[in-house]
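# Understanding the architecture of this molecule
Spelled out from the first residue to the last, the chains are:
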Number of protein chains: 4
Amino acid sequence: MPSKNIDKAALDRLRNEVLAANLELNARGLVLYTFGNASGIDRESGLVAIKPSGVPYEDLRAEDLPVFTLDGKLVEGKLKPSSDLDTHLHLYREFAGIGGVAHTHSEYATAWSQAGRAIPAYGTTHADYFHGPVPVTAPLTDEEINGDYVLNTGVAITRLFASEAIDPLAVPAVLVAGHAPFVWGRTPTDAAHNAVVLEAVARMACFTESLRKECEPVSQALLDRHHFRKHGAKATYGQG
Amino acid sequence: MPSKNIDKAALDRLRNEVLAANLELNARGLVLYTFGNASGIDRESGLVAIKPSGVPYEDLRAEDLPVFTLDGKLVEGKLKPSSDLDTHLHLYREFAGIGGVAHTHSEYATAWSQAGRAIPAYGTTHADYFHGPVPVTAPLTDEEINGDYVLNTGVAITRLFASEAIDPLAVPAVLVAGHAPFVWGRTPTDAAHNAVVLEAVARMACFTESLRKECEPVSQALLDRHHFRKHGAKATYGQG
Amino acid sequence: MPSKNIDKAALDRLRNEVLAANLELNARGLVLYTFGNASGIDRESGLVAIKPSGVPYEDLRAEDLPVFTLDGKLVEGKLKPSSDLDTHLHLYREFAGIGGVAHTHSEYATAWSQAGRAIPAYGTTHADYFHGPVPVTAPLTDEEINGDYVLNTGVAITRLFASEAIDPLAVPAVLVAGHAPFVWGRTPTDAAHNAVVLEAVARMACFTESLRKECEPVSQALLDRHHFRKHGAKATYGQG
Amino acid sequence: MPSKNIDKAALDRLRNEVLAANLELNARGLVLYTFGNASGIDRESGLVAIKPSGVPYEDLRAEDLPVFTLDGKLVEGKLKPSSDLDTHLHLYREFAGIGGVAHTHSEYATAWSQAGRAIPAYGTTHADYFHGPVPVTAPLTDEEINGDYVLNTGVAITRLFASEAIDPLAVPAVLVAGHAPFVWGRTPTDAAHNAVVLEAVARMACFTESLRKECEPVSQALLDRHHFRKHGAKATYGQG
């Protein structure tokens, strides 16, 4: 029983970080009303905290965030979870290295999703965060939609990353066709941060195409240089 | 005589909710100066409260909102009503299930109106609120413009919904060609909320087309899945 | 000598209204740094107050505004006037009915100016304020630029309105090709208000064309209906 | 040894002005999170102060800014410099008249960089600040990227200005292809100011092209008139 093994302090830290990640989505203008949600996982206990469904951001408190096991059993909390819970859980099960997931309908990333197009890596801002195009799923089939829709959204994501051999920590975002982005990171804080940057990258890529219809992505050399500047053993950015 | 039957407490509640709906339009950046207006109806008494004409939002008080019968007789209030009153009243007479109407010149929804184009359902944000394209009226004829113009605007709307067999509660918004959107809901609060979401949906649909000229709407299955997630007997969204 | 006839109270009122008009341009996001300027005229005395050149909006005080006669003689003030003074004065001399002028580089109106295109009347928001397209001047010739450039900008404007027989009070704005808009009104307050609405109209017209390349303007009947709703003897809008 | 000759008061003034320039980039919305950086040089001592790497703007203090000699030796400071330091130093070495450099990923200027296009001089706002198109570098070669990348970015800039015979004080900005703008000025304050104006100019040029695909830049006469209005011996703008 997971409830026996809960480290209360760890769960409090998780809930507080997940709360902060949700508030960051709101503060940065990525969400409207109660749209959007962020979650986080404590890999020790395998517990996931997530935003409750339909609660205004200004009313959210850490203790309101329901907590689930990786297979979806409620552990703590009185409020219903975000309706996207099953997508989050599937991503945590399949992408072992991630610690947080953020989902928004941020407007430019959503427009790329609605257009069914991956975001090409047009510049170094993109390369600093996403080591290649931000991919887009295939549209879900009627069977997938009429079946276990929320879970199937997650399955469409992980199937895409597997079939294209994309490392989810090198490209920590995806566009779900006809829907919107899901973004992740090593922590809930990183997931929210990446969601904010994704929206900026999506906006600039859209402007770029309005200036040049047939635009080439940056070279592999530039993609690598900027990516490994911020990631991996040889990272040089920041004070760390 | 309606004035005999007025429930003062109900009318106060109505005016306060209509005031809040008007202020929401302003707070969300949907209106400029004194543009825009929201109204609400108390179906018990058949009385409609509406924003007065040309009054700045920051000066609005609940008691300033004039009150009318469904056929346009002034019941209470010293200020002239919004110049769009007759459109609102017509919508209340024809669309029995609605309790509030909001009209703005919000910029992207207005651009679709000016382009004379319905907003296609390009994604799930749209599907969550509008169960199909947001339709656009035909341009009003010179006779309609030179006649009872404001009423005829309402007639063009209800004629469109009737001829296309659109349920106004499934698609709670319309674009008036060459003019701007009218939006409604079960309450004034819902009407304002839907107006805010319509503008976001209009913006994202515009960006989507800039990324893909010939874009397909989402499937009927996805439209249904998202619509019935938030509406109807099987709705699952939120804490309700 | 104009200084003998100055009504001090009238001049104070003028300066205060011109100050407020300038601050409105800044508050509504139409200007960057010290860009933009508004002026007003007291038709009794023929005196014009205008923003000084290059002074930050937050530092502006009414007494800082220099005052000029209609033919450009300094009457009061220690600061240099806006470098666009001669355009303002020319407009006051030629357009007898106007009492205020505002000039900004607001971004969408400037884009139409840079594109050398008049803004078509695509909707009722436009028609409420501008009774026809907002026209654009021809590019200034090298002689006009190398000569009395600022005055010649005004001459290009009034020549256009004369040759096209446009009533400057029916269409209270113009786009100067390769430059930016000049906007006016019966008062400095109206001029600033019209400049704010022009930018919204310019923005919506740009979005409209992105949605429909070959878009028709609204009918003359609709243009007339909306214009005369807010202007002239039969105006019905507002509480006045 | 530069440290012997340091004028402490001059260095404090420099650091404070560089801090203010960095904060201006943030206040004007040109940077996201810790993106972007500004620096300044004291030409007497040849010392350069620059933003540290990855520090949030709200936490920046003047004493945190590391100080370097023109050939890159650390003189003062405990924090790592911006990862773009070597580009800044190269610009100071090659462009003798400049006193400040600002680098941002501001969204429209970055879009032009990503599209690999110079910004044409479409209007007088542009001409007031940039006496000709804002040029774009060639994409860096794989050798340049895999070698001393940050220095090579600076070399690509100065090579472009030399080969095109562009005066860096007449056109105080460049777009690095696939990356973003670098902007400079006689002081750090000017550099930040020019970066803010560049973004506005980039935005308006993008809107201009959406309104007219094949748009001509302004005439040389207009470019000269506006440029020399604000620059050089005959400047007339402002109170100076």
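Here the structure is shown first, and the text comes after it.
The structure presented is a predicted model; accordingly, all values stated were derived computationally and were not measured.

## Looking at the overall build of chain A
- A count of helices and strands for chain A gives eight helices and seven strands.
- Whereas a compact globule of 240 residues would reach a radius of gyration of roughly 18 Å, chain A reaches 18 Å, a difference of no more than 12%.
- Across its three principal directions, the C-alpha atoms of chain A cover 55 × 45 × 35 Å.
- Pairs at least 24 apart in sequence give 65% of the contacts found in chain A among residues at least 6 apart.
- When the accessible surface of chain A is split by element, carbon and sulfur atoms take 52% of a total near 9,300 Å².
- Each charge class in chain A can be summarised by its mean position, and for the 22 positive and 29 negative side chains these summaries are 4 Å apart.

## Overview of the arrangement of the chains
- The two units chain A and chain C never meet; even their closest C-alpha atoms stay 11 Å apart.
- At the C-alpha level, the nearest point of chain B lies 11 Å from chain D, with no contact between them.

## Here's the deal with the packing of helix 3 (residues 107–115) of chain B against helix 7 (residues 188–211) of chain B
Residue and element names in this part refer to chain B.
- With their axes 7 Å apart at the nearest point, helix 3 and helix 7 run at an angle of 60° to one another. Between helix 3 and helix 7 the crossing geometry is left-handed. Note on element contacts: helix 7 touches helix 3 through Leu198, Glu199, Ala202, Arg203, Ala205, Cys206, Phe207 and Glu209, opposite Glu107, Tyr108, Ala109 and Trp112.
- When grouped by side-chain class, the residues that make up the contact of helix 3 with helix 7 number eight nonpolar, no polar and four charged.

## Quick word on the side chain of Thr104(B)
All names here are of chain B.
- If you trace the backbone, Thr104 turns up in the loop between strand 5 (100–103) and helix 3.
- For Thr104, the side chain forms a polar contact with the main-chain nitrogen of Ser106, separated by 3.0 Å.
- Non-local contacts of Thr104, meaning those with residues more than four positions away in its chain, are made with Leu25, Leu30, Val31, Gly36, Thr110, Ala180 and Pro181.

## Focus on the side chain of His90(A)
- Locating His90(A) in the fold gives a position in helix 2 (residues 85–94).
- The class of His90(A) is buried, set by a relative accessible area of 8%.

## Re unusual backbone geometry
- Its identity is not glycine, yet Ala165(B) carries a phi of approximately 55°, on the positive side.
- Note on placement: Ala165(B) falls in the loop between helix 6 (149–163) and strand 6 (173–175).
- Even without being glycine, Tyr33(C) reaches a positive phi, approximately 50°.
- Residue Tyr33(C) is classed as buried on the basis of its relative accessible area of 17%.

## Comments concerning the relation of the copies chain B and chain A
- With an RMSD of 0.0 Å, the fit of chain B onto chain A corresponds to turning through 90° and sliding 0.0 Å along the axis. Expressed as an axis order, the relation between the two copies is that of a four-fold axis. No C-alpha of chain B approaches the rotation axis more nearly than that of Ser210(B), which lies at 5.4 Å.

## Points about the pattern of salt bridges
- Counted by the stated rule, this structure contains 40 salt bridges over all chains.
- Between Glu76(A) and Arg15(A) there is a salt bridge; the shortest N-O distance is 3.0 Å. Of this pair, Glu76(A) sits in strand 4 (residues 74–76) while Arg15(A) sits in helix 1 (residues 8–27), placing them 61 residues apart in sequence.
- When its relative accessible area of 7% is taken as the criterion, Arg15(A) is described as buried.
- One salt bridge connects Arg203(D) with Glu107(C), and the closest N-O pair in it is separated by 2.6 Å.

## Describing the sheet that holds strand 6 (residues 173–175) of chain A
All names here are of chain A.
- Ordered in space as 4-3-2-1-5-7-6, the seven strands form an open sheet in which the pairing is antiparallel. Across the chains shown, the open sheet's two edge strands, defined by having one partner strand only, are strand 4 and strand 6. Between one strand and the next, the sheet's axes are offset by a mean angle of 25°, whatever the strand orientation.
- Summarising the sheet, strand 2 (residues 47–50) and strand 3 (residues 67–69) pair through three bridges and their orientation is antiparallel.

## A few points about the sheet that holds strand 3 (residues 67–69) of chain C
Residues and elements named next belong to chain C.
- In spatial order, the strands read 4-3-2-1-5-7-6; together these seven strands make up an open sheet with antiparallel pairing. At either margin of the open sheet sits one strand with a lone partner, and together these are strand 4 (74–76) and strand 6 (173–175). Each strand of the sheet is rotated relative to its neighbour by a mean of 25°, with strand direction disregarded.
- Sheet topology note: the strand 6/strand 7 (residues 181–185) ladder contains three bridges and is antiparallel. Paired with Leu175 across the bridge in strand 7 is Pro181.
- Where helix 8 (residues 188–211) meets the sheet, its contacts fall on strand 1 (37–42), strand 5 (100–103), strand 6 and strand 7, and the angle it forms with strand 7 comes to roughly 135°.

## What about the interface of chain C and chain B?
- Listed per partner, the contact involves 32 residues of chain C and 31 residues of chain B.
- At the boundary of chain C with chain B, total buried surface from both sides reaches about 2,800 Å², with 53% on carbon and sulfur atoms.
- Considering only the surface of chain C that becomes buried against chain B, Leu211(C), Arg225(C) and Gln239(C) emerge as the three largest contributors, covering 24% of it.
- The interface formed by chain C and chain B holds one salt bridge in total.
- The interface formed by chain C and chain B includes 11 residue pairs in polar contact (both at pLDDT 80 or more).
- Per-element tally for the side of chain C that touches chain B: the top contributor is helix 8 of chain C, with 11 residues.
- Residues of the side of chain C that touches chain B, tallied by class, amount to 14 nonpolar, 11 polar and seven charged.

## Comments concerning the packing of helix 3 (residues 85–94) of chain C against helix 7 (residues 149–163) of chain C
All names here are of chain C.
- Remark: helix 3 packs on helix 7, axes separated minimally by 7 Å, with the N-to-C direction vectors making an angle of 35°. Seen from above, helix 3 lies across helix 7 with right-handed handedness. The residues of helix 7 that touch helix 3, namely those facing Leu85, Asp86, Thr87, His90, Leu91, Arg93 and Glu94, are Val150, Leu151, Thr153, Gly154, Val155, Ile157 and Thr158.

## Quick notes on a positive patch on the surface
- Residues Lys213(A), Lys213(B), Lys213(C) and Lys213(D) make up a contiguous surface patch of positive charge.
- With respect to the secondary-structure elements, Lys213(D) resides in the loop between helix 7 (188–211) and helix 8 (220–230).
- When its relative accessible area of 61% is taken as the criterion, Lys213(D) is described as exposed.

## Points about the packing of aromatic side chains
- Following the criterion strictly, the structure yields 28 aromatic pairs over all chains and no others.
- Pairing Tyr108(B) with Phe207(B) gives two aromatic rings, centres 5.7 Å apart and planes at 80°, and the pair type is edge-to-face. One end of the pair, Tyr108(B), is in helix 3; the other, Phe207(B), is in helix 7, and 99 residues separate them in sequence. Across the pair, exposure class does not vary: Tyr108(B) and Phe207(B) are buried alike.
- A ring pair is formed by Phe161(B) and Trp184(B), whose centres lie 5.4 Å apart and whose planes are at 65°; its orientation type is edge-to-face. One end of the pair, Phe161(B), is in helix 6; the other, Trp184(B), is in strand 7 (residues 181–185), and 23 residues separate them in sequence. Per residue, the accessibility class of Phe161(B) equals that of Trp184(B), and both read buried.
- In this structure an aromatic cluster arises from ring pairing among Tyr108(A), Phe207(A), Tyr108(B), Phe207(B), Tyr108(C), Phe207(C), Tyr108(D) and Phe207(D).

## Focus: helix 7 of chain C
- Between the first and last C-alpha of helix 7 of chain C there are 21 Å, a value that for 15 residues agrees with the 21 Å anticipated at 1.5 Å per step.
- For helix 7 of chain C, every residue scored as buried is listed here: Tyr149(C), Val150(C), Asn152(C), Thr153(C), Gly154(C), Ala156(C), Ile157(C), Thr158(C), Leu160(C) and Phe161(C).
- Packing partners of the buried residues in helix 7 of chain C comprise helix 3, helix 6 (142–146), strand 6 and strand 7 of chain C together with helix 4 (124–129) and helix 8 of chain D.
- Downstream of helix 7 of chain C by one or two residues, Ala165(C) has phi in the positive range, about 55°.

Cut-offs applied
Residues numbered from 1 in each chain as written. Chains lettered and ligands numbered in written order. Predicted model: local features only at pLDDT ≥ 70, side-chain atom pairs only at ≥ 80, totals over all residues. Heavy atoms only, no water. Helix = DSSP H or I, 4+ residues; strand = E, 2+ residues; numbered from the N terminus. Rg over C-alpha atoms; globule rule 2.2 N^0.38 Å. Contact = heavy atoms within 4.5 Å. Areas by Shrake-Rupley, 256 points an atom, 1.4 Å probe, with all protein chains shown as cover. Lys, Arg positive; Asp, Glu negative; His and termini not counted. Charge placed at Lys NZ, Arg CZ, Asp CG, Glu CD. Axes fitted to C-alpha atoms, helices over the stretch in contact; angles between N-to-C directions. Left-handed = near helix turned anticlockwise from the far one by under 90°. Nonpolar A, V, L, I, M, F, W, Y, C, P; charged D, E, K, R; others polar. Polar contact = N/O pair within 3.5 Å; in protein donor to acceptor, adjacent residues only side chain to side chain. Buried < 20%, exposed > 50% of the residue type's maximum accessible area, 1.4 Å probe, protein only. Least-squares fit on C-alpha atoms with pLDDT ≥ 70 in both. Salt bridge = Lys/Arg side-chain N within 4 Å of Asp/Glu carboxyl O. Pairing = 2+ DSSP bridges. Buried area = accessible area lost by both parts, 1.4 Å probe. Patch = residues over 30% accessible without salt bridge, like charges linked within 9 Å, V, L, I, M, F, W, Y side chains within 5 Å. Phe/Tyr/Trp six-rings, centres within 6.5 Å; stacked < 30°, edge-to-face > 60°. Expected span 1.5 Å × (residues − 1).

Interpretation in functional terms is not warranted from these geometric data alone.
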